Amino acid sequence: QKEVEQDPGPLSVPEGAIVSLNCTYSNSAFQYFMWYRQYSRKGPELLMYTYSSGNKEDGRFTAQVDKSSKYISLFIRDSQPSDSATYLCAMSASWGYQKVTFGIGTKLQVIP
Amino acid sequence: DTAVSQTPKYLVTQMGNDKSIKCEQNLGHDTMYWYKQDSKKFLKIMFSYNNKELIINETVPNRFSPKSPDKAHLNLHINSLELGDSAVYFCASSQGGSTNEKLFFGSGTQLSVL
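Computed from a prediction, not measured in an experiment: that's the story for all the values here.

A. Looking closely at the pattern of salt bridges. All names here are of chain A. Summed over all chains, the structure comprises six salt bridges over all chains. Between Asp 83 and Arg 60 there is a salt bridge, and its shortest N-O distance comes to 2.8 Å. Residue Asp 83 is found in the loop between β8 (71–76) and β9 (85–92), and its partner Arg 60 is found in the loop between β6 (54–58) and β7 (61–66); the two are separated by 23 residues along the sequence. Exposure remark for Asp 83: the relative accessible area of 2% places this residue in the buried category.

Put into structure tokens, the structure is as follows:
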């Protein structure tokens, strides 16, 4: 079993839809949870960052972490064609020079 | 200004050759990384350096040798290239040593081994 599981999609939605992206994980030591967005032929860029359980909102994006279920989500409201990209969840354990473990990424296409 | 830059962007070479990829960051970060993204888009860490010291060395063939001449640079040398080495290699940097590891990635080097 992979440490981080993520549905690769692709996921196609109409413009304006609410998008829900999810990851599950098996390592209970993970405490830091991130979402990266990767456009085609580009490096991933950090979108959202959350420590431990709870919600975090940033504009149209909301990140949720449920450590009891080992489940994290990213919601995108009022999705735009410019949101079309691959979204990778990522997580790491306690602070220090720890490695970040990535999910495989979900490819999202927002259709105008 | 580009924060994390790596060269070359594309690299096409024959099996058995030796090649290098260079990376530089101007963010003042202490920690730099090499990640490999395979054909299935799975992004996996290979190495991490903090202030020129190797701190993460995942299970990577010893044909891969990272070198950090200073904390702003991390190069990756690959000997005796194999078909399976074809992938996109990403350099990244982070502040390091803090309570989180927000990574800043370069644009990637697409390596094709023929």
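So that's the structure; there's more coming.
B. The pairing of strand β2 (residues 10–13) of chain B, seen in detail. Residues and elements named next belong to chain B. On β2, burial follows the alternation: Leu 11 and Thr 13 on one face are buried, whereas Tyr 10 and Val 12 on the facing-out side are not. Bridge analysis of β2 against strand β11 (residues 109–113) gives four bridges, and the strand direction is parallel. Across the sheet, Tyr 10 pairs through a bridge with Gln 110, a residue of β11.

C. Here's a closer look at the state of the cysteines. Inspection of the entire model under this criterion finds two disulfides over all chains. Paired through a disulfide, A:Cys23 and A:Cys89 show a sulfur-sulfur distance of 2.0 Å. As the torsion about the S-S bond is roughly -100°, the A:Cys23-A:Cys89 disulfide counts as left-handed. Of the two residues, A:Cys23 sits in strand β3 (residues 19–25) while A:Cys89 sits in strand β9, which places them 66 residues apart along the sequence. Among the residues examined, A:Cys89 registers a relative accessible area of 0% and is labelled buried. A sulfur-sulfur separation of 1.8 Å characterises the disulfide bridge that pairs B:Cys23 with B:Cys91.

D. Structural view of the sheet that holds strand β1 (residues 4–7) of chain B. All names here are of chain B. Ordered in space as β1-β3-β8-β7, the four strands form an open sheet in which the pairing is antiparallel. The sheet terminates laterally at β1 and β7 (64–70), the two strands that pair on one side only. When strand polarity is set aside, the average angle formed by the axes of neighbouring strands in this sheet is 20°. Summarising the sheet, strand β3 (residues 19–25) and strand β8 (residues 73–78) pair through four bridges and their orientation is antiparallel. Considered in β8, the bridge of Ile 21 is made with Leu 76.

E. Fine view of the confidence of the model for chain B. Overall, the predicted model of chain B reaches an average pLDDT of 90, with 94% of residues at or above 70. The weakest mean pLDDT in chain B belongs to strand β6 (residues 53–57) of chain B at 83; the strongest belongs to β3(B) at 97.

F. Layout of the pairing of β6(B). All names here are of chain B. Here strand β5 (residues 43–50) runs beside β6; their pairing, made up of four bridges, is antiparallel. Pairing of Asn 50 across the sheet is with Glu 53, part of β6. Between β5 and β6, which pair antiparallel in sequence order, lie two residues; one of them, Asn 51, sits at a positive phi of approximately 50°.

Conventions we followed
Residues numbered from 1 in each chain as written. Chains lettered and ligands numbered in written order. Predicted model: local features only at pLDDT ≥ 70, side-chain atom pairs only at ≥ 80, totals over all residues. Heavy atoms only, no water. Salt bridge = Lys/Arg side-chain N within 4 Å of Asp/Glu carboxyl O. Helix = DSSP H or I, 4+ residues; strand = E, 2+ residues; numbered from the N terminus. Buried < 20%, exposed > 50% of the residue type's maximum accessible area, 1.4 Å probe, protein only. Pairing = 2+ DSSP bridges. Disulfide = S-S within 2.5 Å. Axes fitted to C-alpha atoms, helices over the stretch in contact; angles between N-to-C directions. pLDDT = per-residue confidence, 0-100.

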